[in-house]
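# Summary of the model geometry
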Amino acid sequence: MCGIFGIFGNSEASNLTYLGLHALQHRGQESAGIVSADGRTFHVRREMGLVQDVFGARHLEALAGRAAIGHVRYSTSGVSQHKNAQPLTVEYSLGKLAVAHNGNLTNAPQLRAELEQQGAIFGGDSDTEVIIHLMARSRAPTLAKQMVEALAKVQGSYSLLFLTPTAIVAVRDPHGFRPLVLGKLRDATVFASETTALDLMGATLLREVDPGEMVVVDDMGMRSSRPFPADRPTRCVFEHVYFAKPDSDLFGASVYMTRQRFGMQLALEQPAAADLVIGVPDSGIPAAIGYSKASGIPYDVGLIRSHYVGRTFIEPQQSIRHFGVKLKLAAVREVLKGKRVVVVDDSIVRGTTSRKIVTMIKAAGASEVHMRISSPPTRWPCYYGIDTPRRAELIAATQPVEEIARFITADSLGYLSVEGLGAAVGDPESKTFCMACFTGKYPTPIRNVEDEAPVRAAARG
Ligand code: AMP
């Protein structure tokens, strides 16, 4: 998972990209990068680390030009790989090109092997390079046509921003798995993974870049085309469940309100006799408030989050991840003591986080802990850019709910149904969202779900 931002037509392009990336920091903390274009050439800075650590005033000053794209990258394996930091920059037959990618190409390994057999040399492990190699091989006369030819060969998810010395091109895959929005800041055109980046700088949201749409912006203005065969859009429901920032409007709906609806629906489907509802910060909070509203059980703050540690899942090793939960969350004894507590979290992946949280709440004096999850059991790996372990490591893929409840030591455990999730996002029949992590129904061909490792850091955009 990653965050991307781009702006064309503002003399503060790199400063605004810095702000945009800062707003998208939750989408990736491993590396950050900005490439700016001044009409003739590129200025580049990409480093491992958080946006605020990677860029200082002198770096931003050096990133001259009226156009820029930026990228924040998600870490999964924990291996620090500077070579995979984006935006990627290349020099090829049509000149300079930079690209920032959010998504995952499911046929990248095959395409890469074919390209390597034909003599291609790759500088990193990222599947984004495959796109550039395919473009470089194309005989099409223009950049846009080369992109279309290259992207016609790839499968999977991509929200992409390309930068040339004189233009930005934004493309979203025909399924629209990953978000990408288009906005205006005075005369400038802005692209961002999420609307929260536009809000930060006072830009207005125009609309989503549509699934399958290509938008070109240069000094002549903005042009849109739909060069790919129309496919049924299947936006990622997990963006609403967990990944996106709650103040964003995602796929046309408020993330915060959607999460509240998940919680309200959950309360109807999975009631509990309890004194108190608490949420696991941050992603479980809106659903916990929804649960409280629908059930009438009072909401309170029983867990406090430290803001000085990153998302626990990002820690590389199991041992550190265990420790990370304690680093991140602390229980409020006075709130929890002697209470029957409903704890709402957004998802259970391996179950280790929930187990720690339940233990912590009981240690703080709660008499009962009823875990409620504002999404269905995560049973299938994601191949479209959300970091998930192999199927065998997903606790719900191998264990029934009662067994998971025992493992996490909860007095009861209840999940939102697939139908309930669909109803809360306005898609009761799972037709317009990808829910493959819950249903196993992948909208594009996946070769061998049981054996094939899902998205790894190396393959992630
Ligand atoms: P686990 O201990 O593996 O069950 O982790 C579950 C926790 O990780 C939940 O509290 C989620 O908020 C969070 N989570 C779920 N999916 C992801 C993901 N793809 N990346 C990072 N964190 C996640």
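For the structure itself, look to the data block above.
Residues numbered from 1 in each chain as written. Predicted model: local features only at pLDDT ≥ 70, side-chain atom pairs only at ≥ 80, totals over all residues. Heavy atoms only, no water.

## Focus: the nonpolar core
Ranked by size, the top nonpolar core spans 42 residues in total, and within it Phe238, Tyr291, Val344 and Leu421 carry the most contacts. Ranked by residue count, the leading element in this core is helix α8 (residues 237-243), at five residues. The residues touching Val344, leaving out its near neighbours within four places in the chain, are Leu266, Val277, Ile278, Gly279, Val280, Gly284, Ala287, Ala288, Tyr291, Arg372 and Ser374. (Core = buried A, V, L, I, M, F, W, Y, C linked by side-chain atoms within 4.5 Å. Buried < 20%, exposed > 50% of the residue type's maximum accessible area, 1.4 Å probe, protein only. Helix = DSSP H or I, 4+ residues; strand = E, 2+ residues; numbered from the N terminus. Contact = heavy atoms within 4.5 Å.)

## Let's talk about the sheet that holds strand β9 (residues 181-185)
Strand order in the open sheet formed by seven strands is β3-β2-β4-β1-β10-β9-β11, and the pairing between neighbours is antiparallel. A strand with exactly one partner marks an edge of an open sheet, and here the two such strands are β3 (42-48) and β11 (204-208). Between one strand and the next, the sheet's axes are offset by a mean angle of 15°, whatever the strand orientation. Taken together, the four bridges between strand β1 (residues 2-8) and strand β10 (residues 188-192) define a ladder with antiparallel strand orientation. Pairing of Ile7 across the sheet is with Val190, part of β10. (Pairing = 2+ DSSP bridges. Axes fitted to C-alpha atoms, helices over the stretch in contact; angles between N-to-C directions.)

## What to know about the site of the ligand
Neighbouring the ligand are 16 residues; Asp345, Asp346, Arg350, Gly351 and Thr353 lie closest to it. A distance of 2.6 Å is found between an oxygen atom of the ligand and a side-chain nitrogen or oxygen belonging to Asp346. Between an oxygen atom of the ligand and a main-chain N or O atom of Val349, the distance comes to 2.8 Å. Relative to its unbound accessible surface of 510 Å², the ligand loses 96% to contact with the protein. Of all the elements in the fold, those that place two or more residues in the shell around the ligand are α8 and α13 (352-363). Of the residues assigned to the shell around the ligand, the class counts are seven nonpolar, five polar and four charged. (Near = heavy atom within 4 Å. Polar contact = N/O pair within 3.5 Å; in protein donor to acceptor, adjacent residues only side chain to side chain. Areas by Shrake-Rupley, 256 points an atom, 1.4 Å probe, with all protein chains shown as cover. Nonpolar A, V, L, I, M, F, W, Y, C, P; charged D, E, K, R; others polar.)

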